[in-house]
Amino acid sequence: MWWFLFIVILLSASALAQKQYTLKLLAVQENGNGTLTGSGADLFLELKEGTGRVFLDTYPVPKMDTQISTRFAKEIACHQYKLPCNRYDFIYTIRAKSNIIGGPSAGAAIAALTTIAVLDLDYHNGDTAITGTINSGGIIGPVGGTKEKIEVAAKLGLTKVLIAEGSAVPLSTLQNDSNKNSTEEYLNLTKYAAENLSLQVIEVSDLDEVIFHLTGKNLNHKEVQIEENKEYTQIMGDLRDLLCTRVEKIEMELYKEKILVDENVSKRVEEQKAKADNATLQKDYYSAASYCFTASIALRSQYYHQKKPSLSKLWDRFLKLEDQVQSLEQNLTLQKIETITDLQTLIIVKERLNDVKEQLAIFRQMPADTKNKGEEVYNLLSYSEERYFSAVAWMQFFSMSGKGLQLDPEHIQQSCQQKILEAEEREQYISLFIGENNLEGINKKINSAKEASQKNEFELCLMKAIQAKGDANAVLSTMGLQKEELVSVLDSKITAVKRVLAENTAEGTFPILGYSYFQYASSLKEQDPVTALFYLEYALEMSDLSIYFPEEKTTMSIIQEKFYPEVSWLEGFMAGVIITVLFSQIRFNKIKKYWKFLQR
């Protein structure tokens with residue numbers, strides 16, 4: 001009966017120990033005169049066997065943003081370290097002595113405690129506190145009332161407080177002076193705490209640093225290196241050649257027809273071509289292709305402005321485009337989608353074709369007198385033609401190899417719906433701080449994703465939902481930031497994207513869009529940091545897309561699902577061990593018998 005005892009031991013080891021994890025929280029409460037006072041609170045977490053659900057118990061009753069931020073923080077931690085969070089239910093408890101301001105300031109602490117609990121790490125839970133938001137990529141963001149929080153930390157006997165990098169307090173706010181100017185001075189909180197409170201205040205940029213200060217462990221200590229995917233580089237280089245050669249062809253067409261290009265347009269085109277050449281030298285072919293695409297639209301629009309085609313000819317152009325789009329969409333239905341590269345190629349081709357269809361719809365809805373004026377119509381037609389051409393060019397990526405995943409319509413639909421839920425949660429969260437009226441762009445993309453889902457256009461739905469979530473994450477990442485602090489946020493985001501890209505590349509699921517957006521964001525970092533941040537958010541979402549799709553089933557897994565669907569991974573492991581041991585025992589007995597036979 002040795003095997004029975006072995007099973008009992010393994011089952012006992014798999015049971016969750018009833019252990020509670022805790023961290024000190026720092027909060028602020030509002031006084032009647034509009035000032036803030038720091039206060040302490042306690043965060044507790046208990047894990048139970050479950051499916052990833054989140055439960056929150058607080059006293060006093062929290063504001064809605066606390067409930068949402070708790071789920072958000074848990075999700076960030078689970079993705080950051082690929083934790084098996086779907087095996088547990090998370091029961092968070094927050095206890096405070098007074099009503100505290102609702103907000104996301106506990107996000108970093110919740111994400112840190114989630115990581116510590118799932119990995120069961122030893123940590124400092126009595127002398128250290130963390131205050132800050134948690135954003136995509138595990139980036140720590142600043143919060144309000146930081147000075148008051150570190151002051152109360154000293155009173156509570158804490159020795160160390162972790163705050164977001166770049167946290168500083170304008171001196172004008174301490175002096176109740178509302179007249180701010182470009183020479184605004186700030187209070188250095190690290191220096192203030194050391195000199196006045198005998199407290200160590202440390203600025204941290206991401207969750208990795210928080211975990212290190214709490215546990216002494218570097219969970220993501222490996223140097224991040226993205227291995228070049230030569231197949232991607234070759235195809236993207238060819239795509240770049242197509243789009244940049246197109247610029248030259250349009251210029252030649254203008255020259256042959258003796259069409260003079262407006263001086264401002266010519267200058268803009270030359271700027272885009274120079275950017276494309278510079279990006280090409282750095283093997284940043286996606287950015288180069290994007291710059292050439294912009295140049296082609298400007299030249300094509302200039303062509304129509306000079307030629308002034310009649311309304312009937314414009315209709316002919318648009319109708320021809322419509323036929324081309326329908327034909328290409330029909331070809332897409334025959335395309336096998338087996339890898340992340342295939343899926344992302346399908347996503348970007350469909351997005352571009354959808355853009356063309358939207359321009360066609362705008363043209364149809366325009367009043368007749370507007371169509372005859374031409375200017376707006378020429379811009380619509382130019383953009384549509386170049387967008388269609390880029391969709392065709394991206395089809396080359398269907399030839400790229402990659403790791404096989406289960407990318408059937410059912411899984412793509414599920415990922416689309418999941419992304420919509422994630423985007424809606426972010427949108428609701430932001431609206432609590434800046435109001436729904438300021439989120440029109442995000443809401444529009446969410447609605448577009450839902451419309452695409454209703455039409456069974458799940459790939460397009462996925463793209464729109466990812467863009468909506470990325471936009472929301474970008475807004476969250478900049479809340480409370482000073483303008484000059486955006487550079488450090490970009491650097492942290494770049495590091496986060498690099499890590500995710502490296503991990504997925506190593507696993508054979510190279511995300512072509514994630515990598516392309518990462519390169520484009522890097523090229524925009526200096527000249528347009530805000531746009532760069534949005535593309536880094538898109539890159540994060542696209543680079544980690546494979547988490548929604550399981551690997552292709554092996555013969556063994558298919559047999560198990562068909563004949564033993566109720567067998568869990570742990571039971572399968574134990575059964576495998578038992579069978580191996582029994583087989584070894586049988587084999588050993590046979591050898592003994594054979595040896596005795598030889599000795600006769």
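In what follows, the accompanying structure is described. All of these numbers come straight from a predicted model, not from anything done at the bench.

## Let's talk about the packing of aromatic side chains
Piece 1. All told, the structure shown has 20 aromatic pairs when counted by the stated rule.
Piece 2. Relative to Tyr515, the ring of Tyr232 has its centre 5.2 Å away and its plane inclined at 90 degrees; by these criteria the two rings are edge-to-face. With Tyr232 in helix α8 (residues 230–256) and Tyr515 in helix α19 (residues 512–524), the pair connects residues that are 283 residues apart, well separated along the chain.
Piece 3. On the basis of an interplanar angle of 25 degrees and a centroid distance of 4.1 Å, the ring pair of Phe318 and Phe363 is categorised as stacked. Taken together, the residues span a long stretch of sequence, with Phe318 in helix α11 (residues 311–332) and Phe363 in helix α12 (residues 340–365) at a distance of 45 residues.
Piece 4. Given the relative accessible area of 1%, Phe318 is considered buried.
Piece 5. Taken together through their ring pairs, the aromatic side chains of Tyr232, Tyr286, Tyr291, Trp394, Phe397, Phe510, Tyr515, Tyr517, Phe518, Tyr520, Tyr535 and Tyr538 make up a single cluster.
Piece 6. Above the face of the Tyr303 ring, Arg300 is positioned so that its terminal group lies 6.0 Å from the ring centre.

## Topic: the pattern of salt bridges
Piece 1. Following the criterion strictly, the structure yields 36 salt bridges and no others.
Piece 2. Arg246 is paired through a salt bridge with Glu386; the nearest N and O atoms lie 2.6 Å apart. Residue Arg246 is found in helix α8, and its partner Glu386 is found in helix α14 (residues 375–394); the two are separated by 140 residues along the sequence.
Piece 3. By relative accessible area, Arg246 is classed as buried at 18%.
Piece 4. Measuring nitrogen to oxygen at the nearest pair gives 3.9 Å for the salt bridge that ties Arg300 to Glu385. With Arg300 in helix α10 (residues 285–307) and Glu385 in helix α14, the pair connects residues that are 85 residues apart, well separated along the chain.
Piece 5. Judged by relative accessible area, which is 11%, Glu385 ranks as buried.
Piece 6. When salt bridges with common partners are traced through the structure, they connect Arg71, Glu75, Lys419, Glu422, Glu425, Arg426, Lys469 and Glu541 into a single cluster.

## Examining the state of the cysteines
Put plainly, a disulfide is one covalent bond tying together the sulfur atoms of two cysteines.
Piece 1. What the rule picks out here adds up to 3 disulfides.
Piece 2. The disulfide partner of Cys244 is Cys292, and the gap between their sulfur atoms is 2.0 Å. Its S-S torsion of approximately 90 degrees makes the covalent link between Cys244 and Cys292 right-handed. Taken together, the residues Cys244 in helix α8 and Cys292 in helix α10 connect sequence positions 48 residues apart. We note that Cys244, like Cys292, is buried.
Piece 3. Here Cys416 is linked by a disulfide to Cys461, with a sulfur-sulfur distance of 2.0 Å. Between Cys416 and Cys461, the disulfide has an S-S torsion of 80 degrees and is therefore right-handed. Here the residue Cys416 occupies a position in helix α15 (residues 409–434), and Cys461 occupies one in helix α17 (residues 458–478), the gap between them amounting to 45 residues.
Piece 4. By relative accessible area, Cys416 is classed as buried at 0%.
Piece 5. Taken in N- to C-terminal order, the disulfide-linked cysteines of the chain are connected 1-2, 3-4, 5-6.

## Thoughts on the nonpolar core
Piece 1. In this structure, Tyr232, Leu343, Trp394, Phe397, Tyr517, Leu545 and Phe549 are the most contacted members of the largest nonpolar core, which totals 97 residues.
Piece 2. At 11 residues, α10 tops the list of elements feeding residues into this core.
Piece 3. Not counting residues up to four positions away in its chain, the partners in contact with Leu343 are Ile337, Leu407, Ile412, Glu459, Leu462, Leu545 and Phe549.
Piece 4. Judged by nonpolar contacts, the second largest core, of 53 residues, contains Phe72, Ala73, Ala164 and Leu214.

Each value, and the rule that gives it
Residues numbered from 1 in each chain as written. Predicted model: local features only at pLDDT ≥ 70, side-chain atom pairs only at ≥ 80, totals over all residues. Heavy atoms only, no water. Phe/Tyr/Trp six-rings, centres within 6.5 Å; stacked < 30°, edge-to-face > 60°. Helix = DSSP H or I, 4+ residues; strand = E, 2+ residues; numbered from the N terminus. Buried < 20%, exposed > 50% of the residue type's maximum accessible area, 1.4 Å probe, protein only. Lys NZ or Arg CZ within 6 Å of the ring centre and 35° of its normal. Salt bridge = Lys/Arg side-chain N within 4 Å of Asp/Glu carboxyl O. Disulfide = S-S within 2.5 Å. Core = buried A, V, L, I, M, F, W, Y, C linked by side-chain atoms within 4.5 Å. Contact = heavy atoms within 4.5 Å.

The quantities given are spatial measurements derived from coordinates; they are silent on function.
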